[in-house]
Number of protein chains: 2
Amino acid sequence: MTETFTPSPLFQRVERARRRKPNVRDTHVTLAHGSGGKAMHELIEGVFLEYLGNPILDRLEDHAVLEFSRAGGATDRDAPVRLAYATDSYVVTPIFFPGGDIGRLAVNGTVNDLAVSGARPLYLSAGFILEEGFPLEDLRRVLASMRDAAAEAGVQVVTGDTKVVQRGGADKLFINTSGVGVIESPVRLSASGARVGDKVILSGTLGDHGTTIMIARGELELETEIESDTAPLGSLVRDMLDEASRVASLDAVHCLRDPTRGGVATTLNEIALASEVCIEIREDRIPVREEVRGACEILGLEPLYVANEGKLVAIVSAGVADALVARMRQNAYGRDARVIGEVTAEPRGIVALRTGFGGTRIVDMLVGEQLPRIC
Amino acid sequence: MTETFTPSPLFQRVERARRRKPNVRDTHVTLAHGSGGKAMHELIEGVFLEYLGNPILDRLEDHAVLEFSRAGGATDRDAPVRLAYATDSYVVTPIFFPGGDIGRLAVNGTVNDLAVSGARPLYLSAGFILEEGFPLEDLRRVLASMRDAAAEAGVQVVTGDTKVVQRGGADKLFINTSGVGVIESPVRLSASGARVGDKVILSGTLGDHGTTIMIARGELELETEIESDTAPLGSLVRDMLDEASRVASLDAVHCLRDPTRGGVATTLNEIALASEVCIEIREDRIPVREEVRGACEILGLEPLYVANEGKLVAIVSAGVADALVARMRQNAYGRDARVIGEVTAEPRGIVALRTGFGGTRIVDMLVGEQLPRIC
């Protein structure tokens, strides 16, 4: 990664003020609005924020950071308790798939939204929407899976809710989890934290979860060994923060994200936009399992856009990148960690992929919807 | 309320060890499992707790209480920050109804689960599950309503999530909210806090919300002025705690609950069971609007079992009851507050209703499902 990416005139034109409030022209909800990609960002920024916006929500991180002084209230007093708070609903279909199920996903997904804030995930809420006629045996299987995932992640489900809708009013089972974690160290991780010169680390292979779901739907007549990568990332994050403290400082870790819906491409675009930098990645550094690559080719998918449920993207100071990668590889969920790119100054707000053939192309956010109900 | 209720032999037999883990014999989810009543309690205690149980969840309150020491972590150290944490999913149909909509309900419902812990509600998460094809105009209307409800309740939506399912995979719009509030005063409110001699206070009329929804569905050809009572109860709770401190002590307030699904009957049963006491209420003290009473008669509903969304049941020391009622009546959401009954020793775990004719009958938890998707 010693080469520098020189923006072409094409890229210069592309560099535009994309943080304007988008003008949502749709009149009805489309599947693309749930994609994690461009349409969803437009819906969130152009509709949700118009009504619900406030300084915390406006940050558009995957979590909120809440501060509580000991006397109660939410103030900035000396040494407040800092908590991370996040929520996700899970509507994946099928609800059981190789490597996991909706229950394991519902625990890990929210745990990971907390973990990438630097928090230690501690408590979950769980809201179940059940379709009349759903087999209790399947519910038990999902709950057993949540129990195991919670134990693995070190969290407890402490409050919950159950609703039932009539047959046909919902598809089997939807789960919402929210989570609370405590931010014990003085980290300040943010999508706007990327700095020119930083390295981009990816914790492992791309596309395993999304491809697994597509195959599990039987849309491909494929016999593969592919499994969802759904996993809790709290321990991996703690290892990284510990290593950064050891070799330099916590401040060397600028941004952590778990690239779920919309894939790594969308996540990196969010960071490039929020930080007003260019993120340059190299195709030959991006790990994709051979079976996943094959399945994606048949499905017409690009692994960069496929959802992951146990992967981490980190933007870190160049000086600590190698030490962090080495430490991550000692963690079960970071064995394939590597530097996949770096942060450059121009063109701002752009993700550029240097291909195997030496060319460079812009990698935009996911447009449209390729994988509905992937999580 | 000077008469004492003498348990008959019938009641003695009824008084049984109901806190045993229930044996769930159903093989599939039924609408009754979402009723808020007996089947839901059996599902929660017999299935959910088997897998997800832990000391906090096992309390089966509408909220969890989390304690954080300032150094981070969750310990019992001196003067920790105490937070209330709750979640609810909203699947009400129709989504717009007289007096509110699913958005207002989703804010107030979770705000109230927090408020009855004695917490000041502060932050909400919001997870939206949208059906493909849902009109964005309706979404905007719901969001505007959430904005207004949040402002009224003094809370902010700080983190969120949006999922879209294909047409027919969900019915229009489901919303999950979770909430975090801070418990600033040393209250210890719990369903197990009722003591013999306590008074039972109800904050206002029963059945407005549930009846409104049934009429809004067009199941009755009825022209009425009935509106949902959906309202945030945080200020009412603060007034009550303030008054209790003023005239006696915070400890005089033993339990607060908002009687939603399953109605006041189910809520009082939960308290009677958890506190191992009898709760005796008087029919002639229970306020029900004339139109609601009429609609309930036509619908074959008992107001005691109909869902409320802006009402409070309080179990308080007899000495403070009148002062609390007087103070509640000064609050817009407590104008019809009154004492409706008292706590007696026997038969334990039972709610008894003294009828207008001088008879007494057992009021059990809601059995079956009378009002699916009421919230």
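Residues numbered from 1 in each chain as written. Chains lettered and ligands numbered in written order. Predicted model: local features only at pLDDT ≥ 70, side-chain atom pairs only at ≥ 80, totals over all residues. Heavy atoms only, no water.

### Thoughts on the interface of chain A and chain B
Applicable threshold: Two residues form a contact once any of their heavy atoms are found within 4.5 Å. What counts as buried area is the accessible surface, traced by a 1.4 Å probe, that two parts surrender upon association, with contributions from both included. By definition, a salt bridge exists where a carboxyl oxygen of Asp or Glu is found within 4 Å of a side-chain nitrogen of Lys or Arg. Pairing of N or O atoms within 3.5 Å defines a polar contact, subject to two protein rules: one partner must be a possible hydrogen donor and the other a possible acceptor, and residues neighboring in sequence count only if both atoms are side-chain atoms. A helix here means a DSSP run of H or I that spans at least four residues, while a strand means a run of E at least two residues long, and both kinds are numbered starting from the N terminus.
The partner chain B presents 91 residues to the 91 residues of chain A that form the contact. Surface buried jointly by chain A and chain B totals about 7600 Å² across both partners, of which 66% is contributed by carbon and sulfur atoms. Our count for the contact surface shared by chain A and chain B stands at 6 salt bridges. Where chain A packs against chain B, one counts 29 residue pairs in polar contact (both at pLDDT 80 or more). Put simply, the parts of the chain that give the side of chain A that touches chain B at least two residues each are α2 (38–52), β1 (64–68), β2 (81–90), β5 (120–131), α4 (136–153), β6 (156–165) and β7 (173–182) of chain A. Here the side of chain A that touches chain B takes 11 residues from β5(A), the largest share from any one element.

### Quick word on the relation of the copies chain A and chain B
Turning one copy of the chain about an axis and sliding it along that axis gives the other copy, so a rotation and a shift relate them. Filter applied, for reference: Each copy is superposed on the other by least squares, with the fit set by C-alpha atoms of residues at a pLDDT of at least 70 in both.
Mapping chain A onto chain B leaves a residual RMSD of 0.0 Å; the transformation is a rotation of 180 degrees accompanied by 0.0 Å of translation along its axis. Put plainly, the chains are arranged around a two-fold axis. Taking C-alpha positions as the reference, the residue of chain A nearest the rotation axis is A170(A), at 2.1 Å. Comparing interface residues between copies, 100% of those in chain A also lie at the interface in chain B; the contact surface is shared.

### Section: the packing of aromatic side chains
Worth spelling out the cut-off: Centre distance within 6.5 Å is the pairing criterion for rings of Phe, Tyr and Trp, where only the six-membered ring of Trp is used; planes under 30 degrees apart are then read as stacked, over 60 as edge-to-face, and the remainder as tilted. The rule for a charge over a ring is simple: NZ of Lys or CZ of Arg within 6 Å of the ring centre, and within 35 degrees of the ring normal.
For the coordinates displayed, the defined rule picks out 6 aromatic pairs over all chains. For the cation-ring pair, K163(A) lies above Y90(B), with the distance from its terminal atom to the ring centre recorded as 5.6 Å. The cationic tip of R141(B) hangs over the ring face of F96(B); the distance from NZ or CZ to the ring centre is 3.6 Å.

### Quick look at the pattern of salt bridges
To be explicit about the condition: Buried, partly exposed and exposed residues are distinguished by accessible area as a fraction of the type maximum, computed with a 1.4 Å probe on protein chains only: under 20%, between the cut-offs, and over 50%, respectively.
On inspection of all chains with the given rule, the structure shows 52 salt bridges over all chains. For the salt bridge of K199(A) with E342(A), the shortest nitrogen-to-oxygen distance reads 3.1 Å. Placement of the pair is K199(A) in strand β8 (residues 199–202) and E342(A) in strand β12 (residues 338–344), with a sequence separation of 143 residues. Pair check on accessibility: K199(A) and E342(A) agree, each one buried. Between R373(B) and D171(B) there is a salt bridge; the shortest N-O distance is 3.0 Å.

### Digging into the pairing of strand β13 (residues 350–354) of chain B
Residues and elements named next belong to chain B. What counts, and what does not: Strand pairing follows a simple DSSP-based rule, namely that at least 2 bridges must link the two strands.
Extensive coverage of β13 is indicated by the burial of 5 of its 5 residues. A two-sided burial pattern is seen for β13, the buried positions comprising I350, A352 and R354 on one face and V351 and L353 on the other. Where strand β10 (residues 278–282) and β13 come together, 5 bridges link them in parallel fashion. For I281, the partnering residue across the bridge sits in β13 and is L353. Inspection of the sheet shows β13 paired to strand β14 (residues 360–362) by 3 bridges, in the antiparallel sense.

### Quick word on the packing of helix α6 (residues 234–247) of chain B against helix α9 (residues 318–328) of chain B
Residues and elements named next belong to chain B. Rule in force here: Axis lines are fitted through C-alpha atoms, for helices just across the contact stretch, and the angle between N-to-C directions can take any value from 0 to 180 degrees. Angles below 35 degrees are treated as roughly parallel, those above 145 as roughly antiparallel, those between 65 and 115 as roughly perpendicular, and all remaining angles as oblique. In this scheme, a crossing is called left-handed if the near helix is turned counterclockwise away from the far one by less than a right angle; it is called right-handed if the turn is clockwise. When residue character is reported, Ala, Val, Leu, Ile, Met, Phe, Trp, Tyr, Cys and Pro are called nonpolar, Asp, Glu, Lys and Arg charged, and the others, Gly included, polar.
At a minimum axis distance of 9 Å, the contact between α6 and α9 shows a crossing angle of 140 degrees. Judged by the inter-axis angle, α6 sits oblique to α9. When the axes of α6 and α9 are compared, the crossing they make is right-handed. In contact with L236, D239, M240, D242, E243, A244 and V247 of α6, α9 contributes V320, A323, L324, R327 and M328. Counted by class, the contact of α6 with α9 contains 8 nonpolar, no polar and 4 charged residues.

### Comments concerning the pairing of strand β11 (residues 313–316) of chain A
Residue and element names in this part refer to chain A. Judged by which residues are buried, β11 turns out to be covered on both faces: V313 and I315 on one side and A314 and V316 on the other are all buried. Sheet analysis places β8 next to β11, joined by 4 bridges and oriented antiparallel. Across the sheet, L202 pairs through a bridge with V313, a residue of β11. Sheet topology note: the strand β9 (residues 253–257)/β11 ladder contains 4 bridges and is antiparallel. Within β11, the residue paired with V253 across the bridge is V316.

### Description of helix α7 (residues 263–275) of chain B
An α-helical turn contains 3.6 residues, so any two residues separated by three or four positions project in the same direction. Residue and element names in this part refer to chain B. In plain terms, the rule: By this rule, a helix spans an expected 1.5 Å times one less than how many residues it contains.
For α7, built from 13 residues, the straight-helix expectation of 18 Å at 1.5 Å per residue is met to within 8% by its first-to-last C-alpha distance of 19 Å. Counting buried positions along α7 gives 12 out of 13 residues, so the element sits mostly inside the fold. Along α7, the residues classified as buried are G263, V264, A265, T266, T267, L268, N269, E270, I271, A272, L273 and S275. Along its buried surface, α7 packs onto α2 (38–52), β8 (199–202), β9 (253–257), β10, β11 (313–316) and β13. Downstream of α7 by a residue or two, E276 has a phi angle that is positive, lying close to 55 degrees.

### Side note on the nonpolar core
Keep this limit in mind: The definition of a nonpolar core used throughout is a set of buried Ala, Val, Leu, Ile, Met, Phe, Trp, Tyr and Cys residues joined through side-chain atoms within 4.5 Å. Start and end positions for the domains come from either an automated domain assignment or a database one.
F128(A), I279(A) and L304(A) are the most contacted members of the largest nonpolar core, which has 81 residues in total. Taken domain by domain, the makeup of this core includes at least three residues from each of domain 1 (1–20 + 187–366) and domain 2 (80–184) of chain A. Here L304(A) is in contact with L206(A), G262(A), G263(A), V264(A), A265(A), I281(A), I286(A), L353(A) and V363(A), once residues within four sequence places are set aside. Counting residues in hydrophobic clusters, the runner-up holds 79 residues, among them V155(B), V277(B), I286(B) and Y305(B).

### Quick notes on the domain arrangement of chain A
All names here are of chain A. Partitioning chain A into domains gives domain 1 (1–20 + 187–366) and domain 2 (80–184). Between domain 1 and domain 2, the residue contacts involve 26 residues of the former and 24 residues of the latter. Regarding the contact of domain 1 and domain 2, the summed buried area is about 1900 Å², with carbon and sulfur atoms giving 57% of it. Interface area lost by domain 1 to domain 2 is led by T230, P232 and D258, which between them contribute 26%. For the pair domain 1 and domain 2, the number of links is 0 salt bridges. Along the contact surface separating domain 1 from domain 2 lie 9 residue pairs in polar contact (both at pLDDT 80 or more). Only α5 (208–216), α6 (234–247) and β9 provide two or more residues apiece to the side of domain 1 that touches domain 2. Partitioned by chemical class, the residues of the side of domain 1 that touches domain 2 number 13 nonpolar, 6 polar and 7 charged.

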